[in-house]
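Structure at a glance
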Amino acid sequence: MEEIVIGIGGMSCQGCVKNVTGVLQALPGVERVEVSLEAARATIVFDSQRVGPAQFRDAVEGAGFDIV
Ligand code: 9UX
């Protein structure tokens, strides 16, 4: 397992946090997701053989937020 921290722009409330968490958690190979509204970032534990930053970006942007 690997861990990455990505900055996320555009989250304004805990609903946004829940949405971002959900789309990341839904990716096959993602083990654990912690999203902080205050820090504007997500910490993701994942299997690098199955998923990675390109998929994280697509998921976050697809949900209407930005990678910063
Ligand atoms: Mo809160 Mo986020 O009502 O798009 S869910 S602002």
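One structure accompanies this document, and this report is about it. Sequence order sets the numbering: in each chain, residues are counted from 1 along the sequence as written. Restriction of local features to residues with pLDDT of at least 70 applies here, the model being predicted, together with a cutoff of 80 or more for giving and counting side-chain atom pairs; totals for whole chains, interfaces and linings are based on all residues. For the side-chain quantities, the full set of heavy atoms in the structure was used; hydrogens and water were omitted.

In this structure, Ile8, Met11, Leu24, Ile44 and Phe56 are the most contacted members of the largest nonpolar core, which totals 19 residues. Examining the composition of this core, we find that 4 residues originate from one element, helix H1 (residues 14–25), more than from any other. We call two residues contacting when some pair of their heavy atoms lies within 4.5 Å. Beyond its immediate stretch of four places on either side in the chain, Met11 contacts Cys16, Val17, Val20, Val35, Ser36, Leu37, Ala40, Arg41 and Phe65. Here the nonpolar core consists of buried residues drawn from Ala, Val, Leu, Ile, Met, Phe, Trp, Tyr and Cys, with membership extended through side-chain atoms lying within 4.5 Å. Only protein chains enter the area calculation, which uses a 1.4 Å probe; residues under 20% of their type maximum are buried, those over 50% are exposed, and those in between are partly exposed. By definition, any uninterrupted DSSP run of H or I lasting at least four residues is a helix, any uninterrupted run of E lasting at least two residues is a strand, and each is numbered from the N terminus.

Note on placement: Gln55 falls in helix H2 (residues 53–62). Classification of Gln55 by relative accessible area gives partly exposed; the value is 37%.

On to the packing of aromatic side chains, then. Where two aromatic rings form a pair, the distance of their centres and the angle of their planes describe that pair. Two aromatic rings, drawn from Phe, Tyr or Trp (for Trp, its six-membered ring), form a pair once their centres lie within 6.5 Å of each other, and the interplanar angle then sorts them: stacked below 30 degrees, edge-to-face above 60, tilted otherwise. Under the definition given, this model contains 1 aromatic pair. Both rings, one in Phe46 and one in Phe56, keep their centres 5.0 Å apart while their planes meet at 85°; by these two values the pair is edge-to-face. Here the residue Phe46 occupies a position in strand S3 (residues 41–46), and Phe56 occupies one in helix H2, the gap between them amounting to 10 residues. The pair formed by Phe46 and Phe56 is uniform in burial state, with each residue classed as buried.

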